[in-house]
Amino acid sequence: MATSPTTVVDQLLAGLHLPDGFDAVAGVIREFLDQVTNSAIWTRYGQQSLEWLIGMNPVDRLFMLSALTLLLMLLLGRLRSAGVLAVLLYGAQFAALLSTDTLFGAPLAAAVRITVADQSLHWSYDALSWFFAMITIGTGFVTAWYAAGSWMRRYREAGRSARAFHVALALNCFGMLLLVGSADLLSLFLGWELVSWASFLLMALVGGPAAQAALKYLAYAISGAMLILGAIALIYGISGSFEYDAVVAAIRSMTDAQVWTLLLLLGGGFAVKLGLLPFHLWQAAAYAEAPGAGSVFLGAISARMGLFGIIVFIVGMIGVSRLMTLEIPYTFMSSRELIAWIAALTIIVPTYTALQQHDARYLLAWHGIGQGGYMLLGLMVGDAVGSAGGLLHCFNYAITQAALLMAVFAVVHRTGTADLNQLGGLVTRMPLTFLVLLFGIISLAGLPPMAGFVSKWMVYRSLITEGMPLLFVAAVVGTLGTILSVYKLIHNIFLGQLRVEHQEVAEAPLSMLIPMLGLSALIFLAGFIPGPALSWVAQVQGQLGLPVVPWVLGGIVDPRGGLDMIWLVGILMAGFGVGALVFYGFGGRSRRVHQLDNYAGGHFLTADVHYQYSDNFYAGLMHLIGPWYRGSFRWLERSLAATLDLVSFGAEGLYRLAQPTLLMLAAAVAMLAWVL
Amino acid sequence: MTHIDQVPTPGAPRPVEIGVKPGTKRTNPFARVFDELVRFAQSRSLFMLHYCTGCGAVELPPAMTSRFDMERLGIQPMVSPRQADILLITGYVSVKTLKRVILTYEQMNSPKYVIGICSCTVNGGMYWQSYATAKKLNDYMPVDIYIAGCMPRPEAVIEGLRGLIENIRTGRADAWKDYYRRYDHYLGNQQRLFGADWQTPTDVIAEARHYDLFGPATLGAHTALLEQHQRPLEALEMRIEIPELMRRRSRSDQGGTAQ
Amino acid sequence: MDWLSAVSLDGLAAVDFRWLGLVLELILMPLIAFVVGLGLVLMLRKIAARLQRRVGPPLLQPLWDIIKLHAKETQTSHGLIHEIGIVMAIGGYVAAVTLLPVPGMNGLAAQGGLIALLYMTMIPSLGLALGVGQCANPNGSIGISRALTAMLAYDVPMVIVIFGVAFHFGSLNLVYLIAAQQAGGIATWGIVQMPLLALAGLFALQGMLGKQPFEIYVAPAEIATGPMVEMGGKFLGGLFVMQCFQLYTAGVLYVALFLGGGENWLTFLFKVFVVTAIPMTIAMVFPRYRTEDMVRLFWKWPTMIGLLGIAFVMN
Ligand code: SF4
C-alpha cells in the first residue's frame, strides 16, 4: 500500500482508539490531506521524505524529529517565523509519538544504540515513557504556540535572543524524550544530565534574579546528580551491568542495608528535581523567574522528570511491597511511610508558603512543588486507585499548571506586573484570561468538575480505603490551603476594583489565547470524561506491575464508592441551569452599576482612592500560623544552606573529577550516534 | 465650578400622577393574583436600615426586642443599603449627615420606603433655628411615613410600621417612584444645600431610564447643572478586545485599505 | 449506568420506571430540600426568638423574604461574575442535594459518594466567593477571606469524621452507609458506634453552618455582613435560597453519617430538625470568636476528639 498522509493519519487515529463519534472529524482531516497530496510540491518532494520517515523505526523517528527541532531552532531560531516552525515541529513530534503505539502496543526499542567501552547505551519506549513523553511534547507544543506570536515579539523587543529561547525549549524536550526513553542506567544518566542542564539554560535565559535562581538550582542539581551517580555505581557494583533487567535482578538480591542506601541515594537525587521536602527551596524562584513561556514549560513538566525517576526505580524496580518491609530502626515506620510522609509534608509546607506569596508567578510555582506531593503520595499508597491517581495527577496537573501560568503571564504581558497587590478588577478587561484562570484554579484546588478533582479524589479514596487517616488529613489540609491561596490569586488579579491605570488594558493576544483556551477545554474535558486519561494510566500501571485501576469512561466503578464524573458534571450543569432559571427567570431586571457605586458606610468613593482588599489577604489565619512559618522556615533554610555549603564543597571536588569526562563522553557519543 | 447662587430655586412641589401606567395594566386574572401575592410578600417582609441620626434611635431597641418584637411583623434590621427596604431616619439630620443619607437612599433597591421618626424630621423640631440641620426630610427624598413625637414611643413606632405595611399591601406606598419622576426637584433642593457641584456616585437618571421610571420632571434645570460637572458613571462593561481580531475587523471596515 | 444500557438495548419498551424514577428524583430532591430548608430557616429564627423571649416570625416568613427579594423592581448588579456567582451558589447546592440519599430516593448517591459530596458543597462557596469578589467591596473580600479561613478550620475535623465513618463501614457510598446503620437498629447507628466522632462532627457542623460563635465572617457591625454587603434583591434572595439548601445539606449529612439516615420521612425529618436545632441553640448563647481563635479552637478540640475517635474505630 502506498503511503500517503491520509494513510498515516488513519493509522494515527487508529492508534488513538477514539470513540466512534470522531469519524466525522477524521473525515474532515482526510479531505484536507487529499488536497495537499494532489499539489505539485507534494508529489515532487513530500512523498519521498514521507516514505523515508514511514520506513523508520518509530522511536528513532521521534528522536530524529526532536533532534531536528533542536537543529532547526539552532539554525533558524533568529527568524521571525521560527515560532510557527517550532509549533509545527512539536506537532510532528506529537504525531511521531502517537505512531510509536507503545502505549497500547508492545514496548519498542530504538534502533540507535551507542556502544562505549563495551557498555551500550540504548533506548526503548513503553507505556510509561509514552505517558511522560506525551505530556512533555504536549507541553512543548502549547508552550511554543504561546510563545510564537506577540509574546516573542515583546521578548525580542526587550533585547533578548529568540534563538536562545527556542533552542533551550527544544533542548529540554529532546533531553526529556531521551530520559523517558532510556533503557539502561547509562542512557538514563545521560538523559538526566541533559535535562538538568537544559532546564538550567531555560531558567538562566533572562539574567538578573533568574540567573541567581538558576545558579541555586544548579547547586542542587549537581548534588542530585552526584547522588544518582552514586546509586548507579552501587548498582553496577552488584549487578555488573547497566541493563535494567540485570538491575532488577540485582536489587532483588540486595540486602536491606543496600536497598536503604540505594533508596536514599536515588530518592535524594530524584527528590531534588521533584522538589521534595527538604530539597524544595530552589524551585519556586527558578521556575517563577524564567521567561514567561519558559516558566510555563518548566512549571508544567520539568519537575516531573524527578517523579519519573522515582517511578522507574522506587515504584517499578524496588516496588512498594519491598518498601513496606524496610523498617526504620527504632521506629514503627517503614520506608514507604517515610516517603509518604515526605510527600505529605511536600504537599503542606509549599502550599502554605504559596499562601504567603504576593507575586502570582511565585504563588503558582510554590503550588507546583506542593502538587508533586500528591503524585508521590498516591504512588506510595500503591493500590490500584491510589497509584492511578498519582499518575493521572501528572497529566492533570501539567495541563492545569500550564493554563494557570499562561494566564498569569498573559496578565503580565498586558499590565507589566505579577504583583498581586497592584492588580485587580481585570475581569472586565480580560474576561477570557479570567475564564482560563478560573478553570485552572478549580482544577488545581481539586474541585469538581475539573480534571484535578478526579486525580485528587483517587488519592483521597485510596488513603481512606487503605486506612491512613493522618496522611488523608494532611492531603485535605493541603487542598484547603490551595483553595485559600488560589482564591486570593483570582481575587487579587481579576476581581475587586479595577485600577485607573488598567482602564485601557486589552484582552491577551490571540496567539497566547488559543493555547490557553485549548488547555482550559482540555481541563474541563479531562474532568468530564476522565476515561481516556485513565486508560493511559491503566496501561502504565500494567507495565509497572501495579494493580490496574477499574476504569470506565466516566471514572471508576466500585460498589464501595466509585466515581462517575459524567453523572456528577451533568448534574452540576443541570444544577447551574436551575440556578440560572431561579436567578434570571424569577427575579426582577438588574442593572449594572459603576464600581464606585458601592457601600462604604455612607462614604463617597472616588477613583483616586483604592477601595480594595488585597494585601495580607488571610490576616486572621496569619495571626495564628504566621509565627509558625517564620521560625521553622528560617531555621530550615539556614540549616539547609549550611548543609548545602558543606555538600557542595565536597561535591564540587568530586564533580570536577568525575563529571567533565562523562559529559564530554556523552556529547561525543551523541554526536557519533547521529553521524552513524 | 458653578457658584451656589447659580443654582435655580426649585419650584413648589408639583403633584405628579403616579400609578400603574396604562400600558402595563394587568388584565390577566392570574397576573392579578400574582401581583397581589408579591405585594403581600413585600408587606410582610421588610428589611430595615436604621440610620440612627438622632435621639429617636433609643426607641428602636425596645421595638425590636422582646417587648414589642418587630420580627412578628416580618421586620428585621439589616446592615447595608443594598439589602434594605426601609430607611429609618430617627431624628434630626445635620447637613453633613444628610449627604450620607441621600447616598444611602439612592443605593437602596426599589421598592424602598423612608420613615421619618421624630418631629425633627418633620419640620426641624427643636433644631428649627440651627444652621446645620436639614429641616424637612421630604424636601430631599420622598418620605412614606412620618412618626411624629419628641420622641415617639415604641408603640407609636410599631403603629407607624403597621401603617406602612398596610400601605404596601394596598399598593399605595409608591413614594419611591416620585424620586425618579421628580428627580430634578429633589436634586435642586440638594444642590441648594450642598452646593452646585453636588454629586453622588449613583446614577439616578440612568436608573430611571433603565427601569422605565422616567417622569415628566425627571430632567430639568438642576439635572442640567449636574451634567456639567458629573464624573462618568457607566458600569465597567465586560469587553473582549482581542487586538488581532479588532485590527482585522477595522481593516475590513475600511474596505481592505491598509492601515 | 445499567439503566442506560437497558434503554439502548431494548428500545422504548425498556424506558421503564428506573429512567423516569431517576428523573423524578432529580426534580423532587432539590424541591424537597428547598421546602425542608425553608422549614429549617424558620425553626432557627424561631429558636433565636424564643431564646430571646420574643414571638418570632410567622410561619411563611422565610418564603415571603425570598419572594420579596426576587420581586424587587430595581436590582443592583456589579457585573456578570456577580450574577454567575449567585447562579453557582444555588446550582452547586441543587446538584449537591441530589447526592444525598433521603427515604425512598437515592438520586445520584452511588455515583459520587462522600468525598464527591464534600467537594461538591465547596462549589457554591466558590461561586459566592467569586460573586462577592466582583462587587469590588473590601468588606465583602474580608468576609470571604474569613469564610475561607473558617472553612480551613472546620473542614479539618470534618474530614477526620468522614474518614472515620467511611473506614468504619468500609465504604464511601452514602446509600451503603445508611443501609449498614439501619441493619441493626439504634445499636448500629454511627452515633452509638462512634460517639467521639459524632461529637467532633457536631462541632464541625456548628462551624459549617456559620452560626455564632463562628460567624466572624458576617460580623454585621464590623464588616457590614461581609459577603452579603453588596447583595440586594434577587442576589440576596439567591443567598437565602442557598442558606435553605445549606442547612438541609448539613443536617441530612449528619443524619446520614451518624443517625442511620431516615427509615421513613417522619423519623428522617425529625432527626434532621433535631440535629439542626442543636447548633442554633448553642449559637444563641455565645458571643463571637475571632478568626484565629476559631482556627485554634477547631484545630485543637474537635480535631483531637476526632483523632481519638479514629483511633478507636481503627482498632
Ligand atoms: S424630635 Fe426630639 S427626640 Fe427626636 S430627634 Fe428631635 S429632639 Fe431628638
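Residues numbered from 1 in each chain as written. Chains lettered and ligands numbered in written order. Predicted model: local features only at pLDDT ≥ 70, side-chain atom pairs only at ≥ 80, totals over all residues. Heavy atoms only, no water.

**A few points about the overall build of chain A**
When you go through chain A residue by residue, the secondary structure sums to 26 helices and 6 strands. Each of the 676 residues in chain A was classed as buried or not, and the buried ones make up 63%. Partitioning the contacts of chain A with sequence separation of at least 6, the portion at a separation of at least 24 is 78%. (Helix = DSSP H or I, 4+ residues; strand = E, 2+ residues; numbered from the N terminus. Buried < 20%, exposed > 50% of the residue type's maximum accessible area, 1.4 Å probe, protein only. Contact = heavy atoms within 4.5 Å.)

**Looking at the pairing of strand E3 (residues 86-90) of chain B**
All names here are of chain B. With respect to burial, E3 is a largely interior element, 5 of its 5 residues being buried. As judged from the 5 bridges shared by E3 and strand E5 (residues 113-117), these two strands associate in the parallel manner. Bridge pairing links Thr90 to Ile117 in E5. (Pairing = 2+ DSSP bridges.)

**Quick look at the interface of chain A and chain C**
Where the parts come together, the accessible area they lose is often given as the size of the interface. Taken together, the 77 residues of chain A in the interface contact 81 residues of chain C. Its largest share of buried area at the contact with chain C, chain A owes to Arg560, Trp567 and Phe583 of chain A, together 11% of the area lost on that side. At the junction of chain A with chain C, the criterion picks out 1 salt bridge. Counting the contacts that link chain A with chain C gives 18 residue pairs in polar contact (both at pLDDT 80 or more). (Buried area = accessible area lost by both parts, 1.4 Å probe. Salt bridge = Lys/Arg side-chain N within 4 Å of Asp/Glu carboxyl O. Polar contact = N/O pair within 3.5 Å; in protein donor to acceptor, adjacent residues only side chain to side chain.)

**Describing the packing of aromatic side chains**
Scanning the model with the defined rule gives 42 aromatic pairs over all chains in all. Their ring planes at 50° and their centres at 4.7 Å tell us that Phe214 of chain C and Phe298 of chain C sit as a pair that is tilted. With Phe214 of chain C in the loop between helix H10 (195-208) and helix H11 (220-223) and Phe298 of chain C in helix H14 (residues 291-314), this residue pair connects regions lying 84 residues apart in the sequence. Accessibility classification places Phe214 of chain C together with Phe298 of chain C in one group, the buried group. Sitting above the plane of the Tyr105 of chain B ring, Lys112 of chain B keeps its charged end 4.4 Å from the centroid. We note Lys68 of chain C situated over the ring of Phe47 of chain B; from NZ or CZ to the ring centre the distance is 3.5 Å. (Phe/Tyr/Trp six-rings, centres within 6.5 Å; stacked < 30°, edge-to-face > 60°. Lys NZ or Arg CZ within 6 Å of the ring centre and 35° of its normal.)

**Observations regarding the sheet that holds strand E5 (residues 563-564) of chain A**
Residue and element names in this part refer to chain A. What the 3 strands build is an open sheet, ordered E3-E4-E5; its pairing is antiparallel. Both outer strands of the open sheet, strand E3 (551-552) and E5, are each paired with one neighbouring strand and no more. With 2 bridges connecting them, E3 and strand E4 (residues 555-556) associate as antiparallel partners. Looking at the pairing, Trp551 lines up with Ile556 of E4.

**With respect to the site of the ligand**
Taken together, Cys55, Gly91, Tyr92, Cys118, Ser119, Cys120, Met126, Tyr127, Gly149, Cys150 and Met151 of chain B make up all the residues around the ligand. When its residues are assigned to classes, the shell around the ligand shows 8 nonpolar, 3 polar and no charged. (Near = heavy atom within 4 Å. Nonpolar A, V, L, I, M, F, W, Y, C, P; charged D, E, K, R; others polar.)

**Section: the interface of chain B and chain A**
Taken together, the contact between chain B and chain A spans 33 residues of the former and 33 residues of the latter. A buried area of about 2,800 Å², summed over both sides, lies between chain B and chain A, and 58% of it is on carbon and sulfur atoms. Among the residues chain B hides against chain A, the three largest losses belong to His210, Leu236 and Arg239 of chain B. Together they make up 24% of the total. Viewed at the interface, chain A and chain B are joined by 2 salt bridges. Note that Asp597 of chain A is salt-bridged to Arg82 of chain B, the shortest N-O span being 3.1 Å. Mapped by element, the contributors of at least two residues to the side of chain B that touches chain A are helix H3 (95-107), helix H8 (204-210) and helix H10 (243-253) of chain B. Top contributing element to the side of chain B that touches chain A by residue count: H3 of chain B, with 4 residues. Across the side of chain B that touches chain A, the residue classes tally to 16 nonpolar, 6 polar and 11 charged.

**Examining the packing of helix H3 (residues 61-70) of chain C against helix H12 (residues 233-258) of chain C**
Helices that pack against each other are described as a pair by the angle of their axes relative to one another and the distance between those axes. Residue and element names in this part refer to chain C. Closest axis-to-axis distance for the H3/H12 pair is 7 Å, and the angle between their directions is 150°. Between H3 and H12, the interaxial angle falls into the category roughly antiparallel. By crossing handedness, the relation of H3 to H12 is classed as left-handed. Here Asp65, Ile66, Leu69 and His70 of H3 come into contact with H12, specifically with Gly233, Lys234, Leu236, Gly237, Gly238, Phe240, Val241 and Cys244. Here the contact of H3 with H12 is composed, by residue class, of 6 nonpolar, 4 polar and 2 charged. (Axes fitted to C-alpha atoms, helices over the stretch in contact; angles between N-to-C directions. Parallel < 35°, antiparallel > 145°, perpendicular 65-115°, else oblique. Left-handed = near helix turned anticlockwise from the far one by under 90°.)

**Thoughts on the confidence of the model for chain A**
With 89% of its residues at a pLDDT of at least 70, chain A reaches an overall mean of 81. In the model of chain A, helix H26 (residues 619-675) of chain A stands out as the element of lowest mean pLDDT, 63, in contrast to helix H20 (residues 431-445) of chain A, which has the highest, 91. (pLDDT = per-residue confidence, 0-100.)

**Notes on the sheet that holds strand E7 (residues 145-147) of chain B**
All names here are of chain B. Reading across from one edge, E2-E1-E3-E5-E7 is the order of the 5 strands in this open sheet, with parallel pairing throughout. The outermost strands of the open sheet, each flanked by one partner alone, are strand E2 (75-77) and E7. With strand direction ignored, the average angle separating the axes of adjacent strands in the sheet is 25°. Sheet topology note: the E5/E7 ladder contains 3 bridges and is parallel.

**Describing the environment of Tyr248 of chain C**
Residue and element names in this part refer to chain C. Counting through the fold element by element, Tyr248 comes out in helix H12. Given the relative accessible area of 2%, Tyr248 is considered buried. The residues contacting Tyr248, other than those within four sequence positions of it, are Ala33, Val36, Leu40, Val97, Leu100 and Val102.

**Brief notes about the nonpolar core**
Phe131, Phe313, Met458, Ile493 and Phe494 of chain A together with Leu257 of chain C are the most contacted members of the largest nonpolar core, which totals 355 residues. Setting aside chain neighbours within four positions, we find Phe313 of chain A in contact with Leu185, Leu188, Ile235, Tyr244, Leu266, Phe270 and Ile318 of chain A. Within the second largest apolar cluster, 58 residues are counted, among which are Ile86, Leu98, Leu161 and Trp176 of chain B. (Core = buried A, V, L, I, M, F, W, Y, C linked by side-chain atoms within 4.5 Å.)

**Overview of helix H25 (residues 565-585) of chain A**
Residue and element names in this part refer to chain A. Taking 1.5 Å per residue as the helical rise, H25 with its 21 residues ought to reach 30 Å, and the 28 Å between its terminal C-alpha atoms agrees with that figure. For H25, the complete set of buried residues consists of Met565, Trp567, Leu568, Val569, Ile571, Leu572, Gly575, Phe576, Gly579, Val582 and Phe583. With a side-chain oxygen positioned 3.2 Å from the backbone nitrogen of Ile566, the residue opening H25 is Asp564. (Expected span 1.5 Å × (residues − 1).)

**Some remarks on the environment of Leu88 of chain A**
Assignment of secondary structure puts Leu88 of chain A in helix H5 (residues 82-100). As for Leu88 of chain A and Thr69 of chain A, which are separated by 19 residues in sequence, their C-alpha atoms are 9.5 Å apart.

**A short note on the side chain of Thr223 of chain B**
All names here are of chain B. Mapped onto the secondary structure, Thr223 falls in helix H9 (residues 221-229). Taking relative accessible area as the criterion, Thr223 reaches 2% and is therefore assigned buried. Those residues in contact with Thr223 that lie beyond four places of it in its chain are Tyr183, Asp184, Leu187, Ile205 and Thr218.

**Describing the pattern of salt bridges**
A side chain of one charge can pair with a side chain of the opposite charge if their charged atoms are brought near each other. Tallied over the entire structure, the rule returns 20 salt bridges over all chains. Salt-bridge contacts for Arg361 of chain A lead to Asp359 of chain A; the nearest nitrogen and oxygen are separated by 3.0 Å. A single burial state applies to Arg361 of chain A and to Asp359 of chain A, both of which are buried. In this structure, Lys68 of chain C engages Asp85 of chain B in a salt bridge whose closest nitrogen and oxygen atoms are separated by 2.4 Å. Of this pair, Lys68 of chain C sits in helix H3 while Asp85 of chain B sits in the loop between E2 and E3, each in a different chain. The buried category is assigned to Lys68 of chain C, whose relative accessible area is 3%. Owing to a relative accessible area of 1%, Asp85 of chain B belongs among the buried residues under this scheme. One connected set of salt bridges, linked through shared partners, spans Asp69 and Glu71 of chain B together with Arg45, Arg54 and Asp65 of chain C.

**Structural notes on unusual backbone geometry**
With omega at 10°, the peptide bond leading from Pro448 of chain A into Pro449 of chain A counts as cis. Backbone torsion omega between Ser110 of chain B and Pro111 of chain B reads -5°, so that peptide bond is classified as cis. Secondary-structure assignment places Pro111 of chain B in the loop between H3 and E5. Positive phi is not limited to glycine here, since Arg53 of chain C has a value of about 60°. Here Arg53 of chain C is to be found in the loop between helix H2 (17-51) and H3.

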